[in-house]
Amino acid sequence: MKDWTPDDSDVLRGAGDLAVALAVCGYLVAAAVGLPLFEDGSFYFFTIVTEQVAVVPNLRFSAVLPQLPAVMAVSLGADLAWGRLIFSAAYMAIPLATLVGSWLLLRRRAPALLLLVLPSFLAMQLNFSGVSELLTGLYLTWPLLLAMLLMPQRRWVMVLAIVWGPLLLLLHPLAFIFCFGLGLVAWLLSWASGGRVAWVAVKERLVWRRIGLWLVANGLARLAWTAFGLNDYERGRLAPASALGYLFGETVAQHLLIAMLVCVMLLCVWVWHRRQLPSWASRALLLLLWLVLLIAAWVSAEYLLGEGIVLKSAMTLGVGLLGMAAMIWLVLWREEGRLLRREAGQSLPLEAEQGLQREAEPGLQREAGQSLQREAEAERGVRKAAGLSAACGSLPTTAMRMLGVALLMLLLAKSSAWWTGVRGLQDIVARGDTACIPFGDNEPYSLQWPWMVITDSWPTPFTALVTRPFVPTSEDGQFQPIAVMLKHDGCEQFHATGMLYLPIGVSRPFEAVDAVLGPLRPPALLSQ
């Protein structure tokens, strides 16, 4: 297939540049509107503003790192608007930086392999949580995996792999999956056989073998922690009803999108394996891509109407793991890996050549000769496949652009849905003259509209405070005070005691909250 040959690399790079640029635009918009403040993010930021400390959710210590910029900014006196922006930008920087980093690793060496990365980032848009530790682990694994596969001889890659072990260990109960996967790749990098061209020097193989053991040790530690150290919240996720809700999405469109993305990846892997694109496969891939785009538009419309908004759906993790497994297989096991390395100009280091000569035996030499013959046949197959350019030469570039458009579409839809919900919530707390608005299953009434679903959940009282509007008064230009939103009998307690009893057992004096998130309307106790 023409698009996987060196002649088309510039065209593929241009398409990849466009796809990644579209995604970057989407992530920047999401940061600007404060999408990471959805649900848990509002509680995290409320804690940062009121206490100037980071939140350690369920002993996931690595989750503190993205909060540190906001903690520092608030400690230095940043106002609420700047604090919100810094908090949101820090969290959105994780998917943005890992996607850009993954593309920079692929761009010169194997741009076509971006088709295995984009579906993973696209599938993760079915999750609304911007602070999910599980999604963060998947994001962080992508660039490290690609660096290990494509440039294992670099020292900084080895250092990064060592650092990533404890980082993942302290990130999420399921992070042992990433540790074991990266450990397996490190072990494969340390393993040399005469039937496979080794591109890692002899002394570096020993380093990767030790790194593999280090990563597996971190994975085993995380697995033991997960098995014996779960808290009540994490054990609750194991209940059948909760597990099913955590695993799957909510709408038919979301499941169809996952299915189409899996089919796109599998068909791409099949094409790479066969080194040819039959006419039926070309038509099937184009049909799948159009379906991905149309279903992404369907999911986007659902978001705007308040449907399918879930904190996170673990089935999206499967798409990422499938893409990673395919990447490992293509680069390490198949002849494509050798072709890609030679195309990038990576030659076998002299030390590795000498090591292979010392280790080689007659039988292994014969096996290496057979390997070279198979490689020559593979090159002839690729050159033959290049003759299909007239029929399908632009298909991979089209695929990258369409996946980039779908990714941008979902990010803009999520951002628009969040912006609409927050503006509605701001209107609720700003109008009227009451100091406290009761919050429950069916109140206030203004939260019951479909487009307000995104802000109608357990942390709504936190969200109402951290996203508060700043409307100047007509008299002296001071900001208008807003009402607080409290659950159940919280309003009665607020007026009687001057304490804000917020969700998950958080309570704060009115004066303390008013000092950092005010002006607020005072309770009856203080207004007398």
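Sequence order as written defines the numbering, with residues in each chain counted from 1. Only residues with pLDDT of 70 or above have their local features reported here, since the model is predicted, and side-chain atom pairs are shown and tallied only from 80 upward, although totals for entire chains, interfaces and linings are computed over all residues. Working from all heavy atoms in the structure, the side-chain values ignore hydrogens and water.

Draft legend 1. Expanded view of the overall build of the protein chain. For the purposes of this entry, the term helix denotes a DSSP run of H or I that reaches at least four residues, the term strand denotes a run of E that reaches at least two, and both are numbered from the N terminus. In terms of helices and strands, the protein chain carries 23 helices and four strands. Contacts between residues were defined by any pair of non-hydrogen atoms, one from each residue, lying within 4.5 Å. Restricting to contacts in the protein chain with at least 6 residues of sequence separation, those with at least 24 account for 79%.

Draft legend 2. Region of the structure containing the packing of helix α1 (residues 9–33) against helix α19 (residues 395–430). Axis angles are defined between N-to-C directions and span 0 to 180 degrees, where every axis is a line fitted to C-alpha atoms and, for a helix, only to the segment in contact. Close contact between α1 and α19 brings their axes to 8 Å; oriented N to C, the two are set at 5 degrees. Comparing their axes, α19 and α1 come out roughly parallel. Here is the rule for angles: anything less than 35 degrees is roughly parallel, anything more than 145 is roughly antiparallel, 65 through 115 is roughly perpendicular, and the remaining ranges are oblique.

Draft legend 3. Layout of α1. Helices are assigned an expected span. That span is 1.5 Å times one less than the residue count. The terminal C-alpha atoms of α1, which comprises 25 residues, lie 36 Å apart, in line with the 36 Å expected from a rise of 1.5 Å per residue. Positive backbone phi, approximately 80 degrees, marks G34, located one or two places after α1.

Draft legend 4. Molecular detail of the environment of I258. Inspection of the secondary structure assignment puts I258 in helix α12 (residues 252–274). Excluding residues within four positions of it along the chain, I258 makes contact with A123, L126, M315, T316 and V319.

Draft legend 5. Looking closely at unusual backbone geometry. Each neighbour pair has its own omega, and for E443 with P444 the value is -5 degrees, a cis peptide bond. Among the structural elements, P444 can be located in the loop between β1 (436–439) and α20 (460–466). Here the residue pair G518 and P519 is connected by a cis peptide bond, since its omega of 10 degrees sits within 30 degrees of zero. Positionally, P519 belongs in the loop between α22 (510–517) and α23 (524–527). Non-glycine residue N58 carries a positive phi angle of around 55 degrees. Looking at where N58 falls in the secondary structure, it is placed in the loop between α2 (40–51) and α3 (68–75). Only protein chains enter the accessibility calculation, which uses a 1.4 Å probe; a residue whose area is less than 20% of its type maximum is buried, one above 50% is exposed, and one in between is partly exposed. The class for N58 is partly exposed, based on a relative accessible area of 28%. In this structure, I504 is a non-glycine residue whose phi angle is positive, near 50 degrees. Counting through the fold element by element, I504 comes out in the loop between β3 (499–501) and β4 (507–509). I504 gets classed as exposed once you look at its relative accessible area, which sits at 53%.

Draft legend 6. Broad picture of the environment of D10. Among the structural elements, D10 can be located in helix α1. For D10, a relative accessible area of 59% translates into the label exposed. Each C-alpha atom of the pair D10 and R108 lies 9.2 Å from the other, and the pair is 98 residues apart in sequence. Pairing of N or O atoms within 3.5 Å defines a polar contact, subject to two protein rules: one partner must be a possible hydrogen donor and the other a possible acceptor, and residues neighboring in sequence count only if both atoms are side-chain atoms. Side chain to side chain, D10 and R13 meet in a polar contact 3.0 Å long.

Draft legend 7. Highlighting the confidence of the model for the protein chain. For every residue, the predictor assigns a confidence score, pLDDT, that lies between 0 and 100. The pLDDT averaged across the protein chain works out to 83; a share of 81% of its residues lies at or above 70. In the predicted structure, residues 343–368 sits below a pLDDT of 50 and forms 32 contacts with residues beyond four places in sequence or in another chain.

Draft legend 8. Seen up close, the state of the cysteines. We call a pair of cysteine sulfur atoms a disulfide whenever their separation is within 2.5 Å. Taken as a whole and judged by the stated rule, the model has one disulfide. Residue C436 pairs covalently with C491 via a disulfide, S to S 2.1 Å. Given an S-S torsion of about -75 degrees, the disulfide between C436 and C491 has left-handed geometry. Taken together, the residues span a long stretch of sequence, with C436 in strand β1 and C491 in helix α21 (residues 490–497) at a distance of 55 residues. A residue is classified by how much of its surface remains accessible, and C491, at 11% relative accessible area, is buried.

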